[in-house]
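Residues per chain, in single letters:
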Amino acid sequence: MPHDVLGYLSIHLHAHLPFVRHPEFDDFLEEDWLYEAISETYLPLLRVFDRATDEGIPFRISLTMSPPLVAMLRDEMLMTRYARRMEKLCELAAKEVHRTRNDPTFHPLALHYEREFKELSSLFNDRYKRDLVAAFKRLEDAGRLELVTCGATHGFLPLMQMYPEAVRAQISVAVAHHRRHFGRDPAGIWLPECGYYPGLDRFLAEANIRFFFVDTHGITDATPRPRYGVYAPLYTPSGPAAFGRDPESSMQVWSAESGYPGDADYREFYRDIGWDLDFDYVKDYVQPTGQRKNVGIKYFRITGKTAHKQPYDPGRAAERASAHAGNFMFNRERQIEHLASRMGGVRPIVVSPYDAELYGHWWHEGPIFIDSLIRKVAFDQRTFRLATPGDYLRENPEQQVATPPLCSWGAGGYAGVWLDGSNDWIYRHLHKAAERMIALAKDHPEAEGLTRRALNQAARELLLAQSSDWAFIMKTGTMVEYAIRRTKEHLLRFTRLHDQVRAGQIDETWLGYVEGKDNIFPEIDWRVYRPV
Amino acid sequence: MADLKNMTIDALRDLARKVLGRGHSRLETKGDLVQALQGAEKNVTQAAGKAAARAKDAGARAAKATGDAAARVKDAGARAAKATGEAAVRAKDAGGRAAKATGEAAARVKDAGGRAAKATGDAAARVKDAGGRAAKATGDAAARVKNAGGRAAKATGEAAARVKDAGGRAAKVTGKAMDAVREGAGVGREIATGAARVLVATAMTAQAVVETVQKSAAATKARKKREEEEPGADEGEAAGSAGEAGSEGHMIARIAGEAAAQNAPHPMTEDSLPATRAERRSVAPAPVYEEHLGELPPSYGDDALVALPCDPTTLYVYWDHADATLRSAWQGLEGGRPQIWVFGREADGGWTRIRTVDFALESRSYFVHDLDPGRIYRAEIHLVDRQGNDRMLPNPSNEMMLPPAGPSPVVNDRFMRILWAEPLQAVLREDRAGGSFSEEIRAQLARLSDWTRFTGRAWGGSAGGMGGRPSSPGAPTSPTASSPAAPWGWYDGGES
C-alpha cells in the first residue's frame, strides 16, 4: 500500500453477546439480546458494508466476532426463531400502517418501518440465507473487513492468571472456533473487556495472534514509557502488538455529555410502541407471559432534555448522521496532521474502538454514520486512510517494545468491575473448577466414548461459567437473577461431570441433555487444558 | 398419574395449556401430554400422596393438611391481589379452562369412589370456603375496577363477571365432587390426589380472576398517570404499563452504563421490579429435563488462600480451609484471633510484612486497600494468641502484582522489527535502541493520550459500554466548551 497519507484511522467494532440459548423454552427473554442486535446492528452494518463494497468504495474496518456470537449466529434453532420473530415484526408493521392510515404524522413513519423490516427480512432470508457469519466472512475475503476473535466465552483473563492453562484455553478455543467458521487464523484478538496482564502476550504469541487492543492507560502506563502515546502500537515482549484507544475520537461518539448519539434529531431509544400502545393491540408481539417489551418500532426523536418528545423524522436524522460523519472526519484530519508533525516521520494511528451494538441498537443512525464516514474518507480528504491494526503492522513493522500493565476498559480501568462485593463469590468456584479441569486433562491424556464426551462437555461448562458478562451483570444490577443462575448452572454441571468422570459412572442421558443445551464449541478438545 | 391417563386428550391439552404454557399444549400424543403433566405435577402428586397417607391414618391430620392447602389458596389470592398487568382476555380464557379442568378433576374424584369420608369432607368444606373467599375477593376487585371508569373498567367488569361465574362454577363443582366423595367410604390415594387437584384448580381459577381484575386496574392507573405527565404525547393512543422489566437491562448497562440502566424510563432493574421476574419464571413452562443440580458447596476444604488484583492499590484475598485444619490450628491457642499478613516484595527479592489486618475468618474474603501500586504482594493468614504467639494457616497465597498507577519512570526506548509474513514464534526478536527523542514531544503526546483532558471519561465495555450512549433526553451535539481544546482546535460546526 503506498505511503500516500499522513496517518491512519482505525475503526474497530467489537461485536459480542453472551451465549444465550434456551431450547428448553419456546420463548426466552434474554434471547432478545441476539434478535435485537441482528435487526438493529448486524444486518444494518452488513447492508452498509455490502453496498459500499458493491459500489467499489475502498474502506477497511476491523470487527470482533466473538465466539459466542458466532455460535449463536450459526445456530439453526436461534436463526429459525429469529426468522419467526421477523415475520411477526413485519406483521405488526403492516398493522401499524393500517392503524395510522389517517394520521399524517405517523403514517409515513409506519410505512418507513414496514419497508425497513421487509428489507431486513429479505436480507436475512434471501441475500444472506440466514447465515450472517458467512456474510461477514465474504466481506473479509473481499478485503473490506479484518475479523478478529475474542476470548472463547469472553472470560476476563486477569482474574484467571493463576491458572495459565485456563487462560490458554480461552485463547486457543477461540482461535480454533474462528478458524472453523472463517477459514483462517485470526490475526488479532479483542481481549475480553480489554483485560490484559503482563505475561498474557506469551499465550497470544503461541496462537500467532499479532495484535490486541487495550484502553488508553494500557499504553501510556506501559514500561518503559512509550514514545508516541497511544498514537503508535507497542510490541509486547513476546511479539503481539498492543493498540491503545484514542480518547478524543472515543469521546466524540461515546460521551454521555457530548457524543453525537445524543443529538435531538436522532431516534429516541426509550419510546417503543411495545410500551406505548394499548396492550390488547401489542399483546401478540410482546412476551407470551403478558409482559411488555421493546418491539423495535419507535416513533419519537430525542428532542430535548424533557420527557416530551417530537415525532421522529428519518430523513432529517440521516442528514444529521451524515453531518456528524463529516465532523468526525474533519477532526481526525486535524488530529492526524498535528500528530504527524510531532512524531518525526512516524505515521500516527488513531484507534477508535466501539461496541458494535452501539451502532444501530443504541444509536439507531450509527450505521448511517459509518456509511457516510467511509464514503467521505474515501472521497473527501487525503490526510489519512482507514486501516486495520493488521494493515498498520504490515506497513510499519518496526515498533517500540514495552509491557502494558494490568488494565481493562471497565470503570476504573482495572479489575474492579468484575471483582467487587457483588460478584467476588464466583471466583473461588471458578478457580476450583479450572483446577479440576486441568487435573482431568492431566489424568486423561486420552479418552474415548462417553468419557471423551463428558470431558469435552466439562470444558464447555467451565468456559461458559467464565464469561465476564455474568460478573458484569451482577455488578450493574440488571438481570442479576439470570446471571447468577447461569454461573451456578454451568459450575454445577461442570462439577457433576467432573465427579462422574472421576467415578467412572457417567449418566449418558443427562450428558446428552446437557450437550444439546450448552452446545457451543462442538469441536472442542478437553486437552486444551493440559498442564502448561 | 393413572387419572391423567383416563382423561381425554382434549382435556389434557386444556390442562397442559394452563399448567405448562402454550408450547406444551402442542405436544403431539396423549403420552407426551401425560408425561409432561406428570413432570409438572410431581410436587402436587407427592403432596397428594402424603395427604392420602395421612388421611388413611387419621382424619384430623388430613383435615389439617387440607387446611394448609386452603391457606395456600388464601395466600395465592393475596399475592394475586398485588399483581399488576393487563392480561384480561387471557385470564378470562384461563379462568374458563381452569373451571373446565376443575370440573373434570371433580368428575374424576367422583368416579374414584368414596373413601375418606370424614377427612375429605372437611377438605371439601374448606375448599368451598376458599372458593367463596376468592370469589368475594374477585367481586371486591371488580368493584374497584368499575370505579376506575373508562374502557378498562368495562373490560374488567366483563372479565370480573366471567371470572366470578367461573369461580362460582368451580366452587359448585367442587362442592358436588366433595358431596360425592362424602358418599363413599375409606381412604385412598386416588381421592386425595383428586382433592388436591381440585384445590389447585380452584386456586388457579381464583388467582387468575384476581390477577385479571387487578392488572386491568393497574393498566388504567398507569395510562392515566402517563397522560397526566405527557398530555398529547401519544397522539391519542393509550399508553401501557410502564412498570415491567425489559430485556434491555444488560445492553443498557453494557452500552450506556449502570446509571442509565437504573434511570431508564422503564424500570430495568430487578430492584425496581421484584415481582416481574418471578412472575415470568413462574409462568414459563417447566424444563423438559429436571437436572436437580443442587447448590454450590460452601467450601471445598482444600486449605487455599488466593490473592487477586483489583486495582493499583487493592488486593483481594479469599480463603477456604478444611474444618480439620481450623480445629488443629486453634488447638492450644488461648484467645487467639486471625490476622491477614500482607507482604510486599523488595527490590532484592526479599519480602517485608507491610500490613497486618484483624478480620473475621468467617468472612471468607477480604479487600486489602491502600497498598502501593506496581508492587508484588502475597498474603498469609495467622492465628495470634494473647501472648503474641502465632500460627500460620496453610497455605500462603500466590504472589500477585498490582498494576502501576501512572506512567513508568523508566525511559528506555527499544524498538523491534517483526515482519508480518513470519509466524511470531519463528521470529528471532532482537530489539535495538531507539535513539534520541525529544522529551518535550514525548510529554506532549502523553498529554494528548490523557483522558483527563475530557469531562467524564468514557469507560468501556462493562461499566458503561465505552462511556455510554448519551442517555435520553439528549445532550449537546459536539464536543465544545466542556472539552479542552486540542492543539489543532476542535471543529464543531457540523460537516466540513
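Here is what the cut-offs are and how they apply
Residues numbered from 1 in each chain as written. Chains lettered and ligands numbered in written order. Predicted model: local features only at pLDDT ≥ 70, side-chain atom pairs only at ≥ 80, totals over all residues. Helix = DSSP H or I, 4+ residues; strand = E, 2+ residues; numbered from the N terminus. Buried ≥ 20, exposed ≤ 12 C-beta atoms within 10 Å, placed from the backbone. Contact = placed C-beta atoms within 7 Å. Rg over C-alpha atoms; globule rule 2.2 N^0.38 Å. Core = buried A, V, L, I, M, F, W, Y, C linked by C-beta atoms within 7 Å. Pairing = 2+ DSSP bridges. Axes fitted to C-alpha atoms, helices over the stretch in contact; angles between N-to-C directions. Expected span 1.5 Å × (residues − 1). Right-handed = clockwise from strand over helix to strand, strands pointing away. Parallel < 35°, antiparallel > 145°, perpendicular 65-115°, else oblique. Left-handed = near helix turned anticlockwise from the far one by under 90°. Nonpolar A, V, L, I, M, F, W, Y, C, P; charged D, E, K, R; others polar.

**Description of the overall build of chain B**
Along its length, chain B carries 15 helices and 10 strands. Looking at the 496 residues of chain B, the share that counts as buried comes to 42%. The long-range share in chain B, meaning contacts at least 24 apart out of those at least 6 apart in sequence, stands at 72%.

**Comments concerning the overall build of chain A**
From N to C terminus, chain A includes 19 helices and 10 strands. The C-alpha radius of gyration of chain A comes to 24 Å, within 12% of the 24 Å expected for a compact globule of 532 residues. Each principal axis of the C-alpha atoms in chain A carries an extent, and together these give about 70 × 65 × 45 Å. Sequence separation of at least 24 residues holds for 77% of the intrachain contacts in chain A that already meet a minimum separation of 6.

**What to know about the environment of Arg364(B)**
Residues and elements named next belong to chain B. By the secondary structure assignment, Arg 364 is in the loop between strand S4 (351-358) and strand S5 (365-368). Expressed as a C-alpha distance, the spacing of Arg 364 and Asp 323, which sit 41 residues apart in the sequence, is 13 Å. Residues in contact with Arg 364, not counting those within four places in the same chain, are Tyr 318 and Trp 319.

**As for the nonpolar core**
Judged by nonpolar contacts, the single largest core of 212 residues is most densely connected at Met437(A), Ala458(A), Ala459(A), Leu315(B) and Val317(B). Considering every element that reaches this core, the biggest residue donor is helix H1 (residues 32-54) of chain A, with 12 residues. Residue contacts for Ala459(A): discarding those within four places in its chain leaves Met437(A), Ile524(A), Trp526(A), Val528(A) and Tyr529(A). Ranked by size, the runner-up nonpolar core spans 9 residues in total, among them Met7(B), Leu12(B), Ala16(B) and Leu33(B).

**Considering the sheet that holds strand S1 (residues 304-311) of chain B**
Residues and elements named next belong to chain B. The sheet built from 3 strands is open, its strands ordered S1-S2-S5 with antiparallel pairing. The sheet is open, and its two edges are formed by S1 and S5, each paired on a single side. Adjacent strand axes in the sheet meet at a mean angle of 20° when their direction is disregarded. One ladder, built from 4 bridges, connects strand S2 (residues 314-320) with S5; its direction is antiparallel. Along S5, the bridge assignment pairs Val 317 with Tyr 366.

**Comments concerning helix H18 (residues 480-503) of chain A**
Every α-helix carries 3.6 residues per turn, so stepping three or four residues along brings you back to the same face. Look at H18(A): 34 Å from first C-alpha to last across 24 residues, which is about the 34 Å you get at 1.5 Å a residue. After H18(A) finishes, the residue Gly504(A) shows a positive phi value of roughly 70°.

**Observations regarding the pairing of strand S1 (residues 7-15) of chain A**
All names here are of chain A. With 9 of 9 residues buried, S1 lies mostly within the body of the structure. Where S1 and strand S9 (residues 384-386) come together, 3 bridges link them in parallel fashion. Across the sheet, Gly 7 pairs through a bridge with Phe 384, a residue of S9. Across 7 bridges, the pairing between S1 and strand S8 (residues 349-355) is parallel. Looking across to S8, one finds that Ile 11 is bridged to Ser 352. Bridge count between S1 and strand S2 (residues 61-65): 4 bridges; the pairing is parallel. Directly across from His 14, in S2, lies its bridge partner Thr 64. Running through H1, the crossover from S1 to the neighbouring parallel element S2 is right-handed.

**Looking at the packing of helix H15 (residues 425-443) of chain A against helix H16 (residues 449-465) of chain A**
All names here are of chain A. Interhelical geometry of H15 versus H16 gives an angle of 155° and a closest axis separation of 10 Å. Accordingly, the angle class assigned to the pair H15 and H16 is roughly antiparallel. The handedness of the crossing between H15 and H16 comes out as left-handed. On the side of H15, the interface is formed by Leu 430, Ala 433, Ala 434, Met 437 and Leu 440, while H16 contributes Leu 455, Ala 458, Ala 459, Leu 462 and Ala 465. Its residues assigned to classes, the contact of H15 with H16 comprises 10 nonpolar, no polar and no charged.

**Here's the deal with the environment of Gln331(B)**
Counting through the fold element by element, Gln331(B) comes out in the loop between helix H14 (323-330) and strand S3 (337-345). Considered as a pair, Gln331(B) and Arg453(B) are 122 residues apart in the sequence and their alpha carbons are 59 Å apart.

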